[in-house]
Every structure is written in C-alpha cells, then in structure tokens.
Amino acid sequence: MIILSIESSCDETSVAVTNGRHILSNIVATQIEKHRIFGGVVPEIASRMHTEAISAVCDEAISTAKITYSDLDAVAVTFAPGLIGALLVGVNFAKGLSMSLNIPLIPVHHLRSHIAANYIENDTLEPPFLCLTVSGGNSIITKVNDYTHFEIIGSTKDDAAGECFDKTARALGLPYPGGVTLDKIATVPDFKKYPLPYPKIENSEFDFSFSGLKTAVVNLVHNASQKGTEIDIPVLAATVRCRVCDMLIDNTFKAVEKYGFKTLALAGGVSANSELRARMTQECKKRNIKLYYPELKYCGDNAAMVGVQGYYEYLDGNMADESLNAIATLPINYSGGNI
Ligand code: KG4
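Because the structure is a prediction, the values reported are computed rather than measured. (Residues numbered from 1 in each chain as written. Predicted model: local features only at pLDDT ≥ 70, side-chain atom pairs only at ≥ 80, totals over all residues. Heavy atoms only, no water.)

Student: How do you make sense of the overall build of the protein chain when you look at a structure like this?
Tutor: Looking only at helices and strands, one finds 10 helices and 10 strands in the protein chain. The dimensions of the protein chain, computed from C-alpha atoms along their principal axes, are 65 × 45 × 30 Å. The buried share of the protein chain, reckoned over its 339 residues, is 55%. Counting contacts in the protein chain only where the partners sit at least 6 residues apart, residues at least 24 apart contribute 73% of the total. (Helix = DSSP H or I, 4+ residues; strand = E, 2+ residues; numbered from the N terminus. Buried < 20%, exposed > 50% of the residue type's maximum accessible area, 1.4 Å probe, protein only. Contact = heavy atoms within 4.5 Å.)

Here is the structure:
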C-alpha cells in the first residue's frame with residue numbers, strides 16, 4: 001500500500017512515500033537556520049515556511065520515489081500534537097490531496113509516529129513492548145500494546161527532557177538546537193563541582209520532573225556571571241546530560257521490571273542522545289532485554305515515520321474526512337479511532 005505522508009508539527013517540513021514499513025522516499029526541509037537567530041522556534045515563522053516549502057517537498061518526495069501521484073493509495077498526516085499553525089499547513093495540504101486524488105486520509109498522532117520510527121529498520125520489532133518517548137515537547141513511558149493502542153504509565157509533570165536540554169544549552173550560550181549541541185560538547189560529569197538536583201515526583205514511580213534541573217542550571221550560570229567566575233561549559237553540559245539520563249533510565253527500568261517487559265524501545269528527538277543510547281544499551285545487556293532505537297536520521301521529525309504509523313492506523317480503520325482539524329495537545333492514547 002503506497003502512502004504519501006506529511007509532517008509539519010514543528011520546524012521540519014517533511015514528505016515521504018512509504019509502502020508498509022518500507023521507505024521509498026523521505027524528504028526533510030529543515031527550518032533550523034531561520035530559527036537559530038531567535039534561539040528557538042518562532043511559531044509564525046514556522047507556519048509561513050511550511051506553506052512556502054510543502055508543494056516542492058511533496059513533488060520531490062514523489063519524484064524520488066519514482067512514482068506519480070496516481071500511484072498513491074492514501075495520504076497520512078500528523079494532525080496532533082504540535083504547533084497549531086504549523087500542523088494546519090500539513091493537515092490542509094493533506095486534505096487537498098486526499099480530495100483531489102479521491103484517496104483515504106489517515107490522521108497520525110505525532111508521538112505514535114516517533115514510536116513507529118523504530119519499525120523502519122527493525123523488521124523483527126512488533127508490539128507489545130515498552131517505549132520511552134522523549135522529544136522537545138514530551139517525555140512519556142508507554143506500553144505499546146499493539147500498533148495503535150497505547151497505555152501511558154509515566155510522563156513529565158512539567159518540562160520535557162528535550163526542553164530541559166534546550167533551555168540549559170541556551171543558558172550555557174550554546175546555539176539552537178541546544179540538545180544536539182550540548183550532547184556534542186559534553187565531556188565528563190562532575191557532581192561535586194556542579195551539584196545538580198534529582199527532582200522526583202511524590203507518590204509516583206514513573207513520572208518525571210525536569211523543570212527544577214533546568215532552573216538549577218540557569219541559577220548556576222547567573223550566579224557565576226554575577227560573581228564573575230567562569231563556568232566549565234563542557235563539564236556542566238556533561239553533568240546535565242548525565243542527570244537527565246539518570247532520571248530517564250531509572251524510571252524506565254522500574255517500569256520494565258514492574259511490568260516484566262523483555263523488549264524496550266526508545267523514540268523521539270532525545271533518543272539521538274549519545275549517552276542515553278550507550279547507557280540504555282549497557283543496562284539492557286545486563287538485564288537481557290532487547291533494545292531498539294531508531295536510526296539517527298529517523299529520531300528527529302520526519303514523514304517516513306508518519307507513513308509507517310499511518311499504515312497501521314489504516315489497517316485499524318482509523319480514517320478522517322475533510323472535517324479533520326489540527327490539535328495542539330492530545331494524549332497518545334486518545335480515544336476514538338476516527339477523528
Ligand atoms: O522529536 P523532536 O525532533 O521534535 C519534537 O517532536 O519535539 O525532538 C526535538 C528535541 C529537541 O529538544 C532537541 O534538542 C532534542 O530533541 N535532541 C537532543 C539530541 N538530538 C535532538 N537532545 C539531546 N541529545 C541529542 N543528541
């Protein structure tokens with residue numbers, strides 16, 4: 001089944017052509033350079049740039065896949081969650097294609113597609129498994145009961161892990177996108193030099209809290225600048241990275257043990273983090289757990305993962321019509337197949 005898929009939830013305009021889990025093309029037009037001077041994504045600029053890019057990106061996806069529009073069986077699109085103006089560009093473009101080609105329209109939840117990024121290169125992975133999904137806006141531990149049914153067992157109560165990385169990187173004067181840069185320059189952590197907190201949520205085994213950690217770094221940097229002392233940026237970056245990984249790893253393995261999973265997956269932009277991947281690999285080896293994570297090129301936002309998840313949503317009968325709207329906030333386990 002040939003699906004054309006569209007992703008425009010944040011700052012990448014991406015269109016892919018997929019056939020089941022197989023990727024025929026995956027074109028990503030990133031807006032990073034435009035947002036860099038502002039130190040983060042400016043929603044209005046993101047929407048405008050999606051509008052400018054989407055037709056050309058779509059044509060390129062079709063020609064790279066060596067097909068024509070008439071070969072398409074369905075259109076899949078990220079409809080939630082994300083920046084509302086940005087999502088609307090993809091949703092409206094997808095609706096137009098679906099109507100003009102008279103093919104089904106498949107709404108895809110952004111976090112479900114991040115999890116589906118794992119299916120692309122891993123033929124053997126199938127639900128059920130446990131997944132830690134960590135991105136710029138979300139940090140959740142979910143049971144993936146089957147391809148379209150998810151159970152949230154832990155989530156952040158304030159900032160997402162990616163947001164914590166991005167904001168601390170910004171406080172350290174590192175360029176956007178901060179998480180990536182922080183990961184690159186981090187050396188060896190030193191908790192004696194930089195005693196960062198380990199925030200915990202009371203009466204909750206699997207939930208996260210990252211805002212206290214972020215504030216601690218911001219305060220540390222401000223205090224140093226007021227006193228005129230220097231921050232050892234690579235060491236502080238490594239200490240933050242280590243602390244974020246501690247929290248993600250501890251809660252994930254508590255969940256693995258409690259629910260007895262033998263298969264674990266990582267997903268979302270932060271799953272590209274080098275320490276997270278290395279430590280998760282080590283921990284899984286020790287416990288004899290099979291670990292999956294997406295190839296680096298599928299960790300960030302891309303339409304290939306939307307097409308793969310779209311395929312499973314289609315098999316489950318989760319379709320939309322021309323009334324489909326974009327939704328800024330929606331949990332991964334939303335009820336109601338047809339949006
Ligand atoms: O999944 P994603 O591309 O977009 C969302 O759906 O949010 O995630 C973007 C987030 C950003 O916060 C970015 O800084 C973070 O993923 N990120 C990383 C790394 N690569 C991307 N964080 C830490 N280490 C990385 N290597």
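Student: Honestly, the sheet that holds strand β3 (residues 22-30) in this entry has me stumped. Any pointers?
Tutor: Strand pairs in the sheet, formed through backbone hydrogen bonds, run parallel or antiparallel to each other. Strand order across the open sheet formed by 5 strands is β3-β2-β1-β4-β5, with mixed pairing between neighbours. The open sheet is flanked by β3 and β5 (105-109), the only strands paired with a single partner. On average, each strand axis in the sheet is inclined to that of its neighbour by 20 degrees, with strand direction left out of account. With respect to the sheet, helix α2 (residues 43-64) is in contact with β1 (2-7), β2 (12-19) and β3, its orientation differing from that of β2 by roughly 25 degrees. Running at roughly 160 degrees to strand β4 (residues 74-80), helix α3 (residues 84-101) makes contact with β1, β4 and β5 of the sheet. (Pairing = 2+ DSSP bridges. Axes fitted to C-alpha atoms, helices over the stretch in contact; angles between N-to-C directions.)

Student: I would appreciate a short explanation of the state of the cysteines in the present structure.
Tutor: Every disulfide links exactly two cysteines, by a covalent bond between their sulfur atoms. In the structure shown here, the tally under the stated rule is 0 disulfides. Not part of a disulfide, cysteine 284 finds its nearest cysteine sulfur in cysteine 131, a span of 12 Å. A relative accessible area of 2% places cysteine 284 in the buried class. Free of any disulfide, cysteine 299 has its nearest neighbouring cysteine sulfur in cysteine 131, separated by 11 Å. A relative accessible area of 1% means that cysteine 299 is categorised as buried. (Disulfide = S-S within 2.5 Å.)

Student: Please clarify how the pattern of salt bridges should be interpreted in this entry.
Tutor: It is possible for side chains bearing opposite charge to pair when their charged atoms get close. Under the criterion given, the structure shown has 17 salt bridges. In this structure, the salt-bridge partner of arginine 36 is glutamate 33, at a minimum N-O distance of 2.7 Å. One end of the pair, arginine 36, and the other, glutamate 33, are both in helix α1 (residues 32-36), 3 residues apart, so they sit about a helical turn from each other. Accessibility expressed as a relative area gives 32% for arginine 36, which makes it partly exposed. Two residues, glutamate 275 and arginine 279, come together in a salt bridge whose shortest N-O distance is 2.7 Å. Residue glutamate 275 and its partner arginine 279 are both found in helix α9 (residues 274-287); the two are separated by 4 residues, about one turn of the helix. Each of Asp183, Arg241, Arg243, Asp246, Glu275 and Arg279 takes part in salt bridges that share partners, so that together they form one network. (Salt bridge = Lys/Arg side-chain N within 4 Å of Asp/Glu carboxyl O.)

Student: Mind showing me how you'd approach helix α7 (residues 211-227) here?
Tutor: Note that an α-helix has 3.6 residues per turn; residues three or four places apart therefore point the same way. The first and last C-alpha atoms of α7 sit 24 Å apart over 17 residues, in line with the 24 Å expected at 1.5 Å per residue. Turning to α7, its buried residues number three or more, namely Leu213, Lys214, Ala216, Val217, Val221 and Ala224. For α7, the angular spread of buried residues about the axis comes to 160 degrees, placing them on one side. Residues of α7 that are exposed and angled more than 90 degrees away from the buried face: Gln226 and Lys227. Buried residues in α7 make contact with α5 (161-171) and α8 (233-259). The first or second residue beyond α7 is glycine 228, which carries a positive phi of 75 degrees. (Expected span 1.5 Å × (residues − 1). Arc of directions from axis to C-beta.)

Student: How should I be thinking about the site of the ligand in this particular structure?
Tutor: By nearness alone, 18 residues border the ligand, and His110, Gly136, Asp166, Gly269 and Asn273 come closest of all. Contact between the ligand and aspartate 183: a nitrogen atom at 2.9 Å from a side-chain N or O atom of the residue. Against a free-state accessible area of 550 Å², the protein chains account for coverage of 85% of the ligand. When residues of the shell around the ligand are traced back to their parent elements, those giving at least two are α4 (110-121), α5 and α6 (178-185). (Near = heavy atom within 4 Å. Polar contact = N/O pair within 3.5 Å; in protein donor to acceptor, adjacent residues only side chain to side chain. Areas by Shrake-Rupley, 256 points an atom, 1.4 Å probe, with all protein chains shown as cover.)

Student: What's the story with the side chain of threonine 133 in this structure? I'm lost.
Tutor: Following the sequence through the fold, threonine 133 ends up in strand β6 (residues 129-134). In this structure, threonine 133 is in contact with Leu111, His114, Ile115, Asn138, Ser139, Ile140, Thr142 and Ala267, ignoring residues within four places of it in sequence.

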